[in-house]
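So you can see what is in the structure, the chains are spelled out below.
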Amino acid sequence: MRFDVRSSSSTDPLGVLEGAIAVDKTAVVRDFAFDSPERLGLINKDTPVVVACGSVRGSGPVAAKLIELGYTNVVHVEGGVPAIRESAE
């Protein structure tokens, strides 16, 4: 499952990364902690998760936080959304 953690000002001009779900990188604990009443419930701890942002400074900390929360199959995209879009061209 892919998550686009860019801010809305970054996603608005180009839209959310195709096939990804936009999530707020400042609300990772609220949205993904297993004991959070507001948890999205989209994934379980072993679901493959790919986190992308405009840069590693956004996706790296989100991926690290997901691992800290107990997710076991998390990666972030080096180069972020620009790298993904470039590779698709």
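Scroll up a little and you will see the structure.
For clarity, every value in this text was computed on a predicted model and none was experimentally measured.

Rules of the game
Residues numbered from 1 in each chain as written. Predicted model: local features only at pLDDT ≥ 70, side-chain atom pairs only at ≥ 80, totals over all residues. Heavy atoms only, no water. Patch = residues over 30% accessible without salt bridge, like charges linked within 9 Å, V, L, I, M, F, W, Y side chains within 5 Å. Areas by Shrake-Rupley, 256 points an atom, 1.4 Å probe, with all protein chains shown as cover. Salt bridge = Lys/Arg side-chain N within 4 Å of Asp/Glu carboxyl O. Helix = DSSP H or I, 4+ residues; strand = E, 2+ residues; numbered from the N terminus. Buried < 20%, exposed > 50% of the residue type's maximum accessible area, 1.4 Å probe, protein only. Pairing = 2+ DSSP bridges. Axes fitted to C-alpha atoms, helices over the stretch in contact; angles between N-to-C directions.

Some thoughts on a nonpolar patch on the surface
Taken together, the side chains of M1, I21, L40 and L42 make up a nonpolar region of the molecular surface, amounting to roughly 310 Å² of accessible area. Summarising the element assignment, L40 is placed in the loop between helix 2 (28-32) and strand 3 (49-52). Its relative accessible area of 36% is what places L40 among the partly exposed residues.

Describing the sheet that holds strand 1 (residues 2-4)
Strand order in the open sheet formed by 4 strands is 2-1-3-4, and the pairing between neighbours is parallel. The open sheet is flanked by strand 2 (20-22) and strand 4 (74-76), the only strands paired with a single partner. The mean angle between the axes of side-by-side strands here comes to 25 degrees, regardless of whether they run parallel or antiparallel. Looking at chain direction, strand 3 and strand 4 are connected through 3 bridges and run parallel. For V49, the partnering residue across the bridge sits in strand 4 and is V74.

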